[in-house]
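So you can see what is in the structure, the chains are spelled out below.
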Amino acid sequence: MGVDGVSDRLTVSRLGGFLEWSLLMPRALVTGVTGQDGQYLAEFLNQQGYEVFGLVKGQSNTRADIVAEEFPFIEMVSGDLQDLTSLVSALEHVQPDEVYNLGAISFVALSFKQAELTANVTGLGVLRMLEAIRIVGGRDNPMRFYQASSSEMFGKVRETPQNEQTPFYPRSPYGVAKVFGHDITVNYRESYDMYACSGILFNHESPRRGMEFVTRKVTNAVARIKLGLQSELMLGDLSPRRDWGFAGDYVRAMWLMLQQDQPEDYVVATGETHEVREFVQLAFAAADIEDWERYVKQDERFMRPAEVDLLVGDATKARTKLGWKPSISFPELVTMMVEHDLKLESDKLRH
Ligand code: GDR
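Remember, predicted model here, so these are calculated numbers, not experimental data. (Residues numbered from 1 in each chain as written. Predicted model: local features only at pLDDT ≥ 70, side-chain atom pairs only at ≥ 80, totals over all residues. Heavy atoms only, no water.)

With respect to the side chain of Asp249
Inference 1: Structurally, the position occupied by Asp249 is in helix α8 (residues 247–257).
Inference 2: Among the residues examined, Asp249 registers a relative accessible area of 4% and is labelled buried.
Inference 3: One polar contact links the side chain of Asp249 to the main-chain amide nitrogen of Ser327, over a distance of 2.7 Å.
Inference 4: In terms of polar contacts, Asp249 uses its side chain to reach the backbone amide nitrogen of Ile328, at 3.3 Å. (Helix = DSSP H or I, 4+ residues; strand = E, 2+ residues; numbered from the N terminus. Buried < 20%, exposed > 50% of the residue type's maximum accessible area, 1.4 Å probe, protein only. Polar contact = N/O pair within 3.5 Å; in protein donor to acceptor, adjacent residues only side chain to side chain.)

This is how it looks when you write it as structure tokens:
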């Protein structure tokens, strides 16, 4: 690494006999790069001309290997949100301009079973990353920080719709850990004059969503039922309401937050709310199955000790200050996911 970090960032490449100089391509470090949002964000940053680094943990991380193969432009760097020293080393190596902290235990149901781990990774992990930035970054080497805050912080909602001023009332160890992550981000911004922002993102889905989350669980089951591979879909409570958007739209908002003059927090949401039941019904309809109730069974195992009944976000600030708005409607999102899973499952059948 050069004295000021610049010499390594001066890249020279030969294109068609001409020298092309690319001086100071911005660098971004993304934690949680193997997840749904990590993949969309890495793609987006790559399109914006960034060098993209992904923080991955463990000695042999199969998921990281798969993502590295699919997105060869991501340079994987080892590190763990539970280990401050590893974060310091990763930042020293990457010297990022921007850090996106998307890494977390992100499945709410699991957080009830592994509450301490959730507090450690999803909560304290944010503090560790902020400390690492303070140690490695500082005034001469400012690193902008994005924290993935969540609508789960609103939990048992104090008002509807929820905006940046709505008080938090988390209903799960995950929500509690996210509140800590949010508050410590605000605290570091105010204490150390850091450019640190939180995006309070409402549920966002896509064909890349993990199968444990209700939307993907449903669309994949619908595809399998349509193809005769499955006869039932076991679900928990169908009455909670969520504000569901498309993940590809939401990563754009993350990036926009780090391009402003002042660091601030923003709610990112569609402003529409739908019952889980509606999602299920639409997903079956997208596969031309009208009598969906025949296939859906309730199962205690998928009920939560405490539930978040209603979420709907007011993203006026993101719309007016960032110029952000969602591009995919709720029915389009459901159809996109069902069509993807129909193709995925039929391709599997053929091979
Ligand atoms: P959520 O997402 O908890 O809102 O958090 P999830 O898709 O897991 O649940 C949404 C709602 O559906 C109900 N539900 C079921 N959920 C799952 N996973 N499986 C089921 O079988 C089932 N049946 C009913 C749930 O009880 C809940 O009410 C997501 C995560 O991505 C978080 O990390 C993120 O912070 C928030 O969205 C915004």
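A look at the sheet that holds strand β6 (residues 98–101)
Inference 1: An order of β5-β4-β3-β6-β7-β8-β13 is seen for the seven strands of this open sheet, with the pairing classed as parallel. Each edge of the open sheet carries a strand with a single partner, namely β5 (74–78) and β13 (266–268). For this sheet, the mean angle separating the axes of adjacent strands, direction not counted, is 25°.
Inference 2: Relative to strand β8 (residues 196–201), strand β7 (residues 144–150) runs parallel, the two being bridged by six bridges. Pairing of Ser150 across the sheet is with Leu201, part of β8.
Inference 3: Where helix α3 (residues 84–94) meets the sheet, its contacts fall on β3 (27–31), β4 (51–56), β5 and β6, and the angle it forms with β5 comes to roughly 145°.
Inference 4: Running over the sheet, helix α5 (residues 115–136) touches β3, β6, β7 and β8 and is turned about 170° from β7. (Pairing = 2+ DSSP bridges. Axes fitted to C-alpha atoms, helices over the stretch in contact; angles between N-to-C directions. Contact = heavy atoms within 4.5 Å.)

A word on helix α7 (residues 214–226)
Inference 1: Between its first and last C-alpha atoms α7 spans 18 Å; for 13 residues at 1.5 Å apiece the expected length is 18 Å, and the two agree.
Inference 2: Among all positions of α7, only Thr215, Arg216, Val218, Thr219, Asn220, Ala221, Val222, Ala223 and Ile225 are buried.
Inference 3: Of the residues trailing α7, Gly228 is marked for its positive phi of about 75°. (Expected span 1.5 Å × (residues − 1).)

Here we look at the domain arrangement of the protein chain
You'll often see interface size given as the accessible area lost when the parts meet.
Inference 1: Once the domains are mapped, the protein chain shows domain 1 (3–207 + 244–272 + 312–328) and domain 2 (214–238 + 275–306 + 336–350).
Inference 2: Here the C-alpha centroids of domain 1 and domain 2 sit 30 Å apart.
Inference 3: Between domain 1 and domain 2, the residue contacts involve 11 residues of the former and 12 residues of the latter.
Inference 4: Approximately 1000 Å² of surface area, both sides summed, lies buried where domain 1 meets domain 2, with 74% of it carried by carbon and sulfur atoms.
Inference 5: The three residues of domain 1 that bury the most area against domain 2 are Phe112, Pro207 and Trp244, which together make up 55% of that side's buried surface.
Inference 6: Put simply, domain 1 and domain 2 have zero salt bridges between them.
Inference 7: Between domain 1 and domain 2 we count two residue pairs in polar contact (both at pLDDT 80 or more) in total.
Inference 8: For the side of domain 1 that touches domain 2, the element with the most residues is helix α4 (residues 108–113), which contributes three residues.
Inference 9: Its residues placed into classes, the side of domain 1 that touches domain 2 shows eight nonpolar, one polar and two charged. (Domains from an automatic or database assignment. Buried area = accessible area lost by both parts, 1.4 Å probe. Salt bridge = Lys/Arg side-chain N within 4 Å of Asp/Glu carboxyl O. Nonpolar A, V, L, I, M, F, W, Y, C, P; charged D, E, K, R; others polar.)

A closer look at the site of the ligand
Inference 1: Looking at the ligand, there are 24 residues lining it, with Ser106, Ser150, Tyr174, Arg304 and Glu307 nearest.
Inference 2: Here Arg209 contributes a side-chain N or O atom positioned 2.8 Å from an oxygen atom of the ligand.
Inference 3: Summarising the interface, the protein chains cover 97% of the accessible area of the ligand, which totals 710 Å² for the free molecule.
Inference 4: The class makeup of the residues in the shell around the ligand is 11 nonpolar, five polar and eight charged.
Inference 5: Summarising the domain contributions, the shell around the ligand has at least three residues from each of domain 1 (3–207 + 244–272 + 312–328) and domain 2 (214–238 + 275–306 + 336–350). (Near = heavy atom within 4 Å. Areas by Shrake-Rupley, 256 points an atom, 1.4 Å probe, with all protein chains shown as cover.)

What to know about the packing of aromatic side chains
Inference 1: Using the criterion set out here, one finds 13 aromatic pairs in the structure.
Inference 2: Between Phe154 and Phe202 the ring centres are 5.9 Å apart and the planes differ by 35°, which places this aromatic pair in the tilted class. In this pair, Phe154 is assigned in the loop between β7 and α6 (173–192) and Phe202 in the loop between β8 and β9 (204–205), connecting sequence segments 48 residues apart. The residues Phe154 and Phe202 share a single accessibility class, namely buried.
Inference 3: Seen in terms of ring centroids, Trp244 and Phe330 are 5.9 Å apart; in terms of plane orientation they differ by 15°. Their pairing is stacked. Taken together, the positions of Trp244 in the loop between β11 (241–242) and β12 (245–246) and Phe330 in helix α11 (residues 330–350) put the pair 86 residues apart, joining distant regions of the chain.
Inference 4: Given the relative accessible area of 4%, Trp244 is considered buried.
Inference 5: In this structure Phe330 comes out as buried when scored by relative accessible area, which is 5%.
Inference 6: Ring pairs connect the aromatic residues Phe154, Phe168 and Phe202, which therefore count as one cluster. (Phe/Tyr/Trp six-rings, centres within 6.5 Å; stacked < 30°, edge-to-face > 60°.)

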